[in-house]
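Residues per chain, in single letters:
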Amino acid sequence: MQLIKDRQIIDDIWNYVTDDAELAAGNISVSLARWQQDKAKLLAHDGNIGVRLGPADSVDDIAADLNSLQLIELDFPDFADGRLFSHAWLLRERYDYHGEIRATGHYMNDQVFYLSRVGVNAFSPEKAEDLPVVLSHLNDFTVKYQDSVN
Amino acid sequence: MYQYNDNDQILVDERVAQFRRQTEQFLKSEMSEDQYRALRLRNGLYIQTHAPMLRIAGPYGLFNSKQLRKIAHVARTYDKNYCHFTTRQNIQFNWPKLEEVPDILAELASVQMHAIQTSGNCMRNTTSDHLAGVCIDEIEDPRPYCEIIRQWTTLHPEFDYLPRKFKIAVSGALHDRAATQFHDIGLHLVKNDAGEIGFKVMVGGGLGRTPVIGQIIKPYLEKKNLLSYLEAILRIYNLFGRRDNKYKARIKILVKESGLEKFSTLVEKEWLLIRDNNELDNERINGMKAQFVAPAYDTDAVRDTSFSQQQDENKAFATWVKYNTADHKISGYRAAFLSLKAPDSPPGDMTDVQLDAVADLADKYSFGEIRSTHRQNLILADVKQADLFVLWQQLELLKLATPNIGTVTDMICCPGLDFCSLANAGSIGVAKEINEALDDMDYIHDIGDLKINMSGCMNGCAHQSVGHIGILGVDKKGTEWYQLTLGGSSENNAAIGERLGPAVAKDQVTKAITTILEVYIEHRLEDESFLDMVNRVGITPFKEQVYAIN
């Protein structure tokens, strides 16, 4: 599977591990609940670790762990739930997180411009054919009125 | 008036290109109904009963004559020769074709107009006092701050998908003409004990199904912190506002359910972390103020003597002056209201011919600027008193001189069942019937300051809950009934109207209203306004009379 990271189309080197699955080797991401429950095991795991946040999760809950995390996935159950936009802003601006912030799930291509402005730097579209579309949407506007992450 | 610079123009042009692409994708079935809905609403496009409805932004109610002519052109070319002015100082078209909306937006962008965020669950058009900058009770002109807020809210990357719509109103005068206490955030320019001017911030007000009066969250906020404080409120709302139930998603419910104290603690905690960001320095404020400098008033205007003479000689003119003009901070000038409440015309509607003519009148008599008001009328804000007589004569010909501003026939009225897919009941027809029953201008003037607001459904677009008399259309097993309330106000003495009793049938509404007016006339003390009387005696005498006849 491919995705966009820092405006480049690249291969996805991460696997999301569901809460009831065994931890596989390599770069894996897990839910916030799994992270909180299996933190010691995950930190000893061979490979990089990411955490997937839903809109109802609080960024504060991983604030102390951010140095151990190479990826934060913001998983959209529905494009209309705008809490993840604040999560991204908080991760970058309040907690100074420098790792990958990736949008996954059901967001719209028409939202990627906004998401990039609040600090999301990776987009995993539902359909592979959307990759060039997402790239072009990152340039929907060439001007902006407010400060944000960028 | 704020002049768009290159960046502003690029933004609206790019917005048009974006929407054109979105609409093409939708029409080619490359985008789902749900996705397109969210995107089109953010460009003011609704799908209504008969056709789409397009809501154009009127930033804090300010337009220039070129823009008004463009609206006339759009009405003529893409619609049925008229448009509708709303309570939020916006303009609506009721009959555009969906596939032509990108072209309409391109036409509008050519005169720096747009429909950005006039609908959808995002920060909406900021509204303000229609007499800003000219009224005599002003602490400071709110428009520069409105424009700063307009820019901050436009395409805000973090707050474009909020739990629900979000409305901000700003007032700079002692008399609140912008209904600030019924907005998600109400801002009032105030002076502190040291004589410095800042903002009183109110939060959690709103109308609709659950009308709530906003509460003061910050009695005094320094101007430099305006945007960081707004950001703190919006972030808390975005993170904690309810998303499980559309009817409980407004910030007023969050404030109510958490309690002001807890909500305010959350906001304060957030704000302390960001208060130094986004600071409005004096340079930025002064730069924006320079966009709203007063026009070149004629210092000789005050020497005119014709105005009082014309009033003495022409009673109709004098009446119009009394009801349809307002005091101006510059001697020799007045602000002139153009009533969009002629008896035989739907409240707030205007034809292409009227729009073009008003644009000409604005150029001739009021520095080319036009304002729309919260009560769905227009204003030429800077008219020399010596020009008022000829202006009045021309407005008479245009049917824009009905001397009823602030009276019982200056009704706020939503489109109701005639156009709106949400409505349960008609409102335009009822308004017309009430108008016909109250055709005696002397009687209307004798009643004086009385505001009737009528909505065709619980969503309350016409703010019925804060009308001195509120009329709310409800559906009862397929027939239209109307719930009446008394004593509401959206001004300084903000209040939510009290329900008079059971809803009345459609054919009884006009009779009920005339009965209410008769009770008022019978019980009022000398010079006592309707609202004061209701507050003094309560609703019982009205109730007894209205229900005695049913």
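Going by the structure above, here's the rest.
The text that follows walks through the structure, step by step, so that each part is easy to find. (Residues numbered from 1 in each chain as written. Chains lettered and ligands numbered in written order. Predicted model: local features only at pLDDT ≥ 70, side-chain atom pairs only at ≥ 80, totals over all residues. Heavy atoms only, no water.)

## Details of the overall build of chain B
Counting its regular elements, chain B contains 18 helices and 21 strands. For chain B, whose C-alpha radius of gyration is 23 Å, the value lies close to the compact-globule estimate of 24 Å for 550 residues. Referenced to the eigenvectors of the C-alpha coordinate spread, the extents of chain B come out at roughly 60 × 60 × 55 Å. Taking as baseline every contact in chain B between residues at least 6 positions apart, the subset at least 24 positions apart corresponds to 68%. Looking at chain B as shown, the accessible area adds up to about 20,700 Å², and 49% of this sits on carbon and sulfur atoms. Distance between charge centroids for chain B: 6 Å, based on 62 positive and 73 negative side chains. (Helix = DSSP H or I, 4+ residues; strand = E, 2+ residues; numbered from the N terminus. Rg over C-alpha atoms; globule rule 2.2 N^0.38 Å. Contact = heavy atoms within 4.5 Å. Areas by Shrake-Rupley, 256 points an atom, 1.4 Å probe, with all protein chains shown as cover. Lys, Arg positive; Asp, Glu negative; His and termini not counted. Charge placed at Lys NZ, Arg CZ, Asp CG, Glu CD.)

## Overview of a negative patch on the surface
Where like charges cluster on the molecular surface, the negative patch consists of Asp276, Glu279, Asp281 and Glu283 of chain B. The exposure class of Glu279 of chain B is partly exposed, given its relative accessible area of 39%. (Patch = residues over 30% accessible without salt bridge, like charges linked within 9 Å, V, L, I, M, F, W, Y side chains within 5 Å. Salt bridge = Lys/Arg side-chain N within 4 Å of Asp/Glu carboxyl O. Buried < 20%, exposed > 50% of the residue type's maximum accessible area, 1.4 Å probe, protein only.)

## Digging into unusual backbone geometry
Residues and elements named next belong to chain B. At Ala179, a position not held by glycine, the phi torsion is positive, near 50°. Within the secondary structure, Ala179 sits in the loop between β7 (168–171) and β8 (185–191). Positive phi, close to 55°, is recorded for Phe367, a residue that is not glycine. Along the polypeptide, Phe367 turns up in the loop between α12 (352–365) and β14 (369–372).

## Quick word on the pattern of salt bridges
Residue and element names in this part refer to chain B. Taken as a whole and assessed by the stated rule, the structure comprises 44 salt bridges over all chains. In this structure, the salt-bridge partner of Asp103 is Arg20, at a minimum N-O distance of 2.9 Å. Taken as a pair, Asp103 in helix α4 (residues 101–109) and Arg20 in helix α1 (residues 6–27) lie far apart in primary sequence, 83 residues in all. The class for Asp103 is partly exposed, based on a relative accessible area of 30%. Notably, a salt bridge pairs Lys70 with Glu107, separated by 2.8 Å at the nearest N-O pair. Note that Lys70 is positioned in helix α3 (residues 65–78) and Glu107 in helix α4, a separation of 37 residues in sequence. The class of Glu107 is buried, set by a relative accessible area of 18%.

## Description of the sheet that holds strand β4 (residues 82–85) of chain B
In a beta sheet, neighbouring strands pair by backbone hydrogen bonds and run either parallel or antiparallel. Residues and elements named next belong to chain B. Taken in spatial order, the five strands line up as β1-β2-β5-β4-β13 in an open sheet, and their pairing is antiparallel. Sheet topology places β1 (45–47) and β13 (349–351) at the edges, where each strand pairs with a single neighbour. This sheet shows a mean twist of 30° between the axes of neighbouring strands, independent of strand direction. By the bridge criterion, three bridges tie β4 to β13 in an arrangement that is antiparallel. (Pairing = 2+ DSSP bridges. Axes fitted to C-alpha atoms, helices over the stretch in contact; angles between N-to-C directions.)

## Remarks on the packing of aromatic side chains
Applying the stated criterion across every chain yields a total of 24 aromatic pairs over all chains. Geometrically, the ring pair formed by Phe63 of chain B and Phe85 of chain B is edge-to-face, given 6.3 Å between the ring centres and 85° between the ring planes. Residue Phe63 of chain B is located in strand β3 (residues 62–64), and its partner Phe85 of chain B is located in strand β4; the two are separated by 22 residues in the primary sequence. Like Phe63 of chain B, the residue Phe85 of chain B is buried in the burial classification. Ring pairing ties together the aromatic residues Phe76, Phe85, Tyr107 and Phe123 of chain A together with Tyr161 of chain B, which thus form one cluster. (Phe/Tyr/Trp six-rings, centres within 6.5 Å; stacked < 30°, edge-to-face > 60°.)

## A short note on the layout of surface pockets
All names here are of chain B. Its volume calculated, the second largest pocket comes out at about 780 Å³. Taken together, 36 residues make up the lining of the second largest pocket; nearest its centre are His175, Arg177, Phe337, Ile405 and Lys451. Breaking the lining of the second largest pocket down by element, the ones donating at least two residues are α11 (315–324), β11 (325–327) and β12 (333–338). Residues of the lining of the second largest pocket, tallied by class, amount to eleven nonpolar, 14 polar and eleven charged. (1 Å grid on protein atoms, 1.4 Å probe; cavity = no way out; pocket = protein on both sides within 12 Å on 5 of 7 lines; lining within 4 Å. Points joined across faces, edges and corners; volume = space filled by probe spheres on them. Nonpolar A, V, L, I, M, F, W, Y, C, P; charged D, E, K, R; others polar.)

## Details of empty space enclosed by the protein
Following the criterion strictly, the structure yields seven cavities of 30 Å³ or more and no others. Taken as a whole, the largest cavity holds about 100 Å³ of empty space. Around the largest cavity, the lining residues are Ala57, Pro59, His114, Ile116, Gln117, Met123, Arg124, Asn125, Thr126, Arg150, Thr153 and Thr154 of chain B. Taken together, the residues of the lining of the largest cavity sort by class into four nonpolar, six polar and two charged. There is about 70 Å³ of room inside the second largest cavity. In terms of lining, the second largest cavity is formed by Asp110 and Tyr114 of chain A together with Arg15, Gln18, Gln22, Leu39, Arg42, Asn43, Asp160 and Tyr161 of chain B. Ranked by the residues each element gives to the lining of the second largest cavity, the list is headed by α1 of chain B, at three residues. A breakdown of the residues in the lining of the second largest cavity according to their chemical character gives three nonpolar, three polar and four charged.

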